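Working through the structure, step by step
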Amino acid sequence: MRTALVTGASSGIGFATVTKFLEAGLRVVAHVRENLGELENLTQDSALHVVSADFSDLQAVSDMILDPAIQGVDILVNNAGTYNVRQDFGSIRASEVEYILRVNLIAPLMLCKTLAPKMAEKEWGRIVNLSSVSVSHGGASNSVDYTVSKAAIESMTVTLAKTFTSNNVLINSVRVGATKTKIHDLNPEKNLEQRTRSIPIGRMADPREIAEIVVFLCSTQASFISGSILAVTGGE
């Protein structure tokens, strides 16, 4: 039985991905920052193991990686992420940029550094890194650190795929379009109706739609896909 680690699993895309993996018969290690959130409804499932860590604290990430449940992971989904809300580009502070890079880039890199070589030893592994549609159009200047972190995730995906694909460790990135998740709650002034009008398909994605793509990339049907950036953006 395969084991998958999904980060940022308490809600949204992460929770939907956990659900899909469990339905497919996998063991799942679900990472949360603190609260179980929607995972509360799944705690009786014997195939689910929950780990917690604040990804802005790199020591906490290192400690989490030592959890025995993570050592045998076959699939890694780097979903956890955040962004800072500020008025304009001139309001950016170095400490905020560092925070974003710790959560969105350094923590996923640390997980890849630990788990990809172990997958390579077994000659089987799948890593999916979640990116953002903002990489394709540059995003907004007041959240440039978020876009930069996601561009770096895509670059890391391509680089690591060149390193590990020969060992049947397939590494891809999903460039996620606007999706109905709690991340939008971080900016209560965000006009979601206006944002939706910029999406050619005319709506935001449901987290389950993104999860379907993530699970597909970890399946036997995607056995010849590695080093790819798959845009799931509703045409944006």
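Residues numbered from 1 in each chain as written. Predicted model: local features only at pLDDT ≥ 70, side-chain atom pairs only at ≥ 80, totals over all residues. Heavy atoms only, no water.

1. Side note on the side chain of Asn 172
Along the chain, the position of Asn 172 falls in strand β6 (residues 169-176). Engagement of the side chain of Asn 172 in a polar contact is seen with the backbone nitrogen of Ser 226, the distance being 3.4 Å. (Helix = DSSP H or I, 4+ residues; strand = E, 2+ residues; numbered from the N terminus. Polar contact = N/O pair within 3.5 Å; in protein donor to acceptor, adjacent residues only side chain to side chain.)

2. Looking at the sheet that holds strand β1 (residues 3-6)
A sheet is described by the order of its strands in space; here 7 strands give the open sequence β3-β2-β1-β4-β5-β6-β7, paired in parallel fashion. Each edge of the open sheet is held by one strand with a lone partner, namely β3 (48-52) and β7 (229-232). Taken pair by pair, the neighbouring strands of this sheet meet at an average axis angle of 20 degrees, ignoring direction. Direction of pairing for β6 relative to β7: parallel, over a ladder of 4 bridges. Across the sheet, Val 176 pairs through a bridge with Val 232, a residue of β7. Running at roughly 165 degrees to β6, helix α8 (residues 207-217) makes contact with β4 (75-78), β5 (125-132), β6 and β7 of the sheet. (Pairing = 2+ DSSP bridges. Axes fitted to C-alpha atoms, helices over the stretch in contact; angles between N-to-C directions. Contact = heavy atoms within 4.5 Å.)

3. Notes on the side chain of Asn 104
Position of Asn 104 among the secondary structure elements: in helix α4 (residues 94-122). Look at Asn 104 and you get buried, because its relative accessible area is 1%. At 2.9 Å, the side chain of Asn 104 forms a polar contact with the backbone oxygen of Thr 82. A polar atom in the side chain of Asn 104 sits 3.1 Å from the side chain of Ser 149. In contact with Asn 104, not counting residues within four places along its chain, are Ala 80, Gly 81, Thr 82, Tyr 146, Ser 149, Lys 150 and Ile 153. (Buried < 20%, exposed > 50% of the residue type's maximum accessible area, 1.4 Å probe, protein only.)

4. Concerning unusual backbone geometry
Across the chain, the bulk of peptide bonds are trans and the bulk of non-glycine residues have phi less than zero. Although it is not a glycine, Glu 123 sits at a positive phi angle of roughly 60 degrees. One non-glycine residue, Asn 168, lies in the positive phi region at around 65 degrees. Secondary-structure assignment places Asn 168 in the loop between α6 (144-164) and β6. Taking the relative accessible area as the measure of exposure, Asn 168 reaches 26% and is therefore partly exposed.

5. Quick notes on the nonpolar core
If you look at the biggest cluster of nonpolar residues, it comprises 31 residues, and the most contacted ones within it are Leu 5, Phe 55, Ile 70 and Leu 76. Among the elements of the structure, α2 (58-65), α4, α6 and β6 are those that each provide at least two residues to this core. Residue contributions to this core peak at 10 residues, all from α4. The residues contacting Ile 70, other than those within four sequence positions of it, are Leu 5, Val 29, Val 51, Met 64, Ile 65 and Leu 115. Counting 29 residues, the second largest nonpolar core, distinct from the first, contains Phe 15, Val 128, Ile 210 and Cys 218. (Core = buried A, V, L, I, M, F, W, Y, C linked by side-chain atoms within 4.5 Å.)

Keep in mind these numbers describe shape, not what the thing actually does.
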